[in-house]
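Structure at a glance
The lines below spell out each chain.
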Amino acid sequence: MSIRLPVIAFAFVMYVANVEAQLTFSNPMDASATPVWDRMVERVSLTQSGQPHLVDQTQIRVKVRYLMVDAATRNKIYRAMEVGKLRHLGPSRNDEELGPAVNNQGDTGTANIASCRVSVLTSATTCRFDSRQAESFVSQVGQSDLSEVRPAPTIFLLNGKQAEMNDMAQHPFLIEMRGDADSREPVIKVFDAGTQLRLTCSRNPTNPSTLELTAEVTCSRIDRVDTEMLFGVGDEPVEVKVPHHLVQVVRVSDSISAGDLLMIDPHVRSSKIIQHETRMPMVGKLPYVGQNFTNQQAVEVQQYLIVLLEPGLVP
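Everything in this summary refers to the structure shown in the same document. (Residues numbered from 1 in each chain as written. Predicted model: local features only at pLDDT ≥ 70, side-chain atom pairs only at ≥ 80, totals over all residues. Heavy atoms only, no water.)

So, about the overall build of the chain. The number of helices and strands found in the chain is three helices and 15 strands. Counting over 315 residues, the chain shows a buried share of 30%. Pairs at least 24 apart in sequence give 69% of the contacts found in the chain among residues at least 6 apart. About 20,600 Å² of surface is accessible on the chain, with carbon and sulfur atoms providing 53% of the total. (Helix = DSSP H or I, 4+ residues; strand = E, 2+ residues; numbered from the N terminus. Buried < 20%, exposed > 50% of the residue type's maximum accessible area, 1.4 Å probe, protein only. Contact = heavy atoms within 4.5 Å. Areas by Shrake-Rupley, 256 points an atom, 1.4 Å probe, with all protein chains shown as cover.)

Right under this line is the structure:
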């Protein structure tokens, strides 16, 4: 018995070494109690011969900044750019095609259904410029009371790999009642609202100082919510909320040299209530008494999203 066990163990190890497997790397600095297999970062496949593929462990960081700018500040930023460097994408036509009619029992083809088709024209603008210009644009945003720089984390990823971050918030709505008269059930649908950023970045094989960056920006928002009354679903009508949900997606690929940034303007705007402060000239700036000559009011402003991406190699 003491001789056969090592032989069996050795044979099992040799068998595993010759079979395709997966190796998982996790963040060693993560002190959370989540199991390692739930915190997967990267997979590396082993070959049949047992010789591992060479995996490029070059680390790339992408500094992300979200600029929420009003129309006047946005125009100033564009006037400071070189027209020849601007690249316009789109517009492209996106149609939400109607699927087959489906009744409450799940049958298709013969059911009656109420549907809506939406056609949206989307476009975007991108530009590549250096860090000095970027800081100038960020400074202009900071000088405007109607604009802001929204905080966003820096993304770290391995060469050629993908990373993603988002600030999506989920909003549930009662949109329908289904079933027969005796067993009707509410239909709840969840809509996302926010911004999702997906990045892939790799070193240029012929020019190591250049990074190939691909970015996908998804902007989801609920433009408005209508209240509808459903009749014929019971003794009394049922009130439901019908959201108008808009999703815009922009994909951009570009070669970024060291020290340069990529700007993506997905042409997305949203409304925000801002406390705007106006002061009487000269007197309003006096200490202590200046607040008596200052007026604050809530102002609804239309803000445009501008994404700044600054990739670079981790030393």
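Additional details are given in the paragraphs that follow.
As enumerated under the stated definition, the model contains 14 salt bridges in all. Two residues, Glu239 and Lys241, come together in a salt bridge whose shortest N-O distance is 3.7 Å. Overlapping salt bridges, with partners in common, bring together Glu164, Arg198, Glu216 and Arg251 in one network. (Salt bridge = Lys/Arg side-chain N within 4 Å of Asp/Glu carboxyl O.)

What follows is about helix H3 (residues 131–143). Look at H3: 19 Å from first C-alpha to last across 13 residues, which is about the 18 Å you get at 1.5 Å a residue. When we look at burial in H3, the residues that qualify are Gln133, Ala134, Phe137, Val138 and Val141. Projected down its long axis, H3 shows its buried positions confined to an angular sector of 140°, all on one face. Among the exposed residues of H3, those oriented more than 90 degrees off its buried face are Arg132, Gly142 and Gln143. With a side-chain oxygen lying 3.2 Å from the backbone nitrogen of Arg132, the N-terminal cap of H3 falls on Asp130. (Expected span 1.5 Å × (residues − 1). Arc of directions from axis to C-beta. Polar contact = N/O pair within 3.5 Å; in protein donor to acceptor, adjacent residues only side chain to side chain.)

Three or more residues of helix H2 (residues 71–79) are buried, namely Thr73, Arg74, Ile77 and Tyr78. Along the axis of H2, the buried residues cluster in a sector spanning 140°; they form a single face. Structurally, the start of H2 carries an N-cap: the backbone nitrogen of Ala72 is 3.3 Å from a side-chain oxygen of Asp70.

Remark: the centre distance and the inter-plane angle together describe each pair of aromatic rings, the angle taken between the planes. This model, assessed by the stated rule, comprises two aromatic pairs. For the pair Phe129 and Phe137, a centre-to-centre distance of 5.2 Å together with 90° between the ring planes defines the contact as edge-to-face. Here Phe129 matches Phe137 in class, with each residue buried. Pairing Phe173 with Phe191 gives two aromatic rings, centres 5.9 Å apart and planes at 70°, and the pair type is edge-to-face. Of this pair, Phe173 sits in strand S9 (residues 169–178) while Phe191 sits in strand S10 (residues 185–203), placing them 18 residues apart in sequence. For the pair shown, Phe173 and Phe191 are each scored as buried. Geometry around Tyr304 places Arg74 over its ring, the cationic atom sitting 4.1 Å from the centre. (Phe/Tyr/Trp six-rings, centres within 6.5 Å; stacked < 30°, edge-to-face > 60°. Lys NZ or Arg CZ within 6 Å of the ring centre and 35° of its normal.)

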